[in-house]
Amino acid sequence: MSNMKTIREKVGVTQAALAKTVGLTQGAIAHYENDRRKPGLEECRRIVDALNTSGAAVTLDDVFPPLNIPACSAA
């Protein structure tokens, strides 16, 4: 689950404005925020850059936290 919606709302950016900045549609942003679709790495980077330009001070991991996948153990 991403934190994109919370961060976007905190800096006062609409889905449409964020979408325009990163070259996506408002619908794509809505899908990402509701976990119906997953953005690719390049889209994630553009979203983080746009949020930071809008006043957030976030990293990729802040917006799109890594999954808690257990490490593989060496046999």
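Residues numbered from 1 in each chain as written. Predicted model: local features only at pLDDT ≥ 70, side-chain atom pairs only at ≥ 80, totals over all residues. Heavy atoms only, no water.

An unreviewed UniProt entry annotates the protein as Helix-turn-helix transcriptional regulator of Pseudomonas emilianonis.

### Notes on the overall build of the protein
The number of helices and strands found in the protein is 5 helices and 0 strands. Starting at the N terminus and walking to the C terminus, you meet the elements of the protein as α-α-α-α-α. Taking the principal axes of the C-alpha coordinates as reference, the protein spans close to 50 × 25 × 20 Å. Put simply, the protein has 75 residues, and 32% of those count as buried. Counting contacts in the protein only where the partners sit at least 6 residues apart, residues at least 24 apart contribute 49% of the total. Surface summary for the protein: the accessible area is close to 5000 Å², and the carbon and sulfur share equals 54%. Of the side chains in the protein, 9 bear a positive and 8 a negative charge, and the two mean positions are spaced by 6 Å. (Helix = DSSP H or I, 4+ residues; strand = E, 2+ residues; numbered from the N terminus. Buried < 20%, exposed > 50% of the residue type's maximum accessible area, 1.4 Å probe, protein only. Contact = heavy atoms within 4.5 Å. Areas by Shrake-Rupley, 256 points an atom, 1.4 Å probe, with all protein chains shown as cover. Lys, Arg positive; Asp, Glu negative; His and termini not counted. Charge placed at Lys NZ, Arg CZ, Asp CG, Glu CD.)

### Quick look at the layout of surface pockets
If you add up the space inside the largest pocket, you get close to 160 Å³. Met 1, Ser 2, Tyr 32, Asp 35, Arg 37, Lys 38, Pro 39, Phe 64, Pro 65 and Leu 67 together form the lining of the largest pocket. Split by residue class, the lining of the largest pocket holds 6 nonpolar, 1 polar and 3 charged. (1 Å grid on protein atoms, 1.4 Å probe; cavity = no way out; pocket = protein on both sides within 12 Å on 5 of 7 lines; lining within 4 Å. Points joined across faces, edges and corners; volume = space filled by probe spheres on them. Nonpolar A, V, L, I, M, F, W, Y, C, P; charged D, E, K, R; others polar.)

### Regarding the pattern of salt bridges
On inspection of all chains with the given rule, the structure shows 3 salt bridges. Of the charged contacts in the structure, one is a salt bridge between Glu 9 and Arg 8, with a shortest N-O distance of 4.0 Å. Under the relative-accessibility criterion, Glu 9 is labelled partly exposed at 48%. For Arg 8, the salt bridge goes to Glu 33, with nearest N and O atoms at 2.5 Å. In this pair, Arg 8 is assigned in helix H1 (residues 4-10) and Glu 33 in helix H3 (residues 26-33), connecting sequence segments 25 residues apart. A single burial state applies to Arg 8 and to Glu 33, both of which are buried. Members of the salt-bridge network, linked through shared partners, are Arg 8, Glu 9 and Glu 33. (Salt bridge = Lys/Arg side-chain N within 4 Å of Asp/Glu carboxyl O.)

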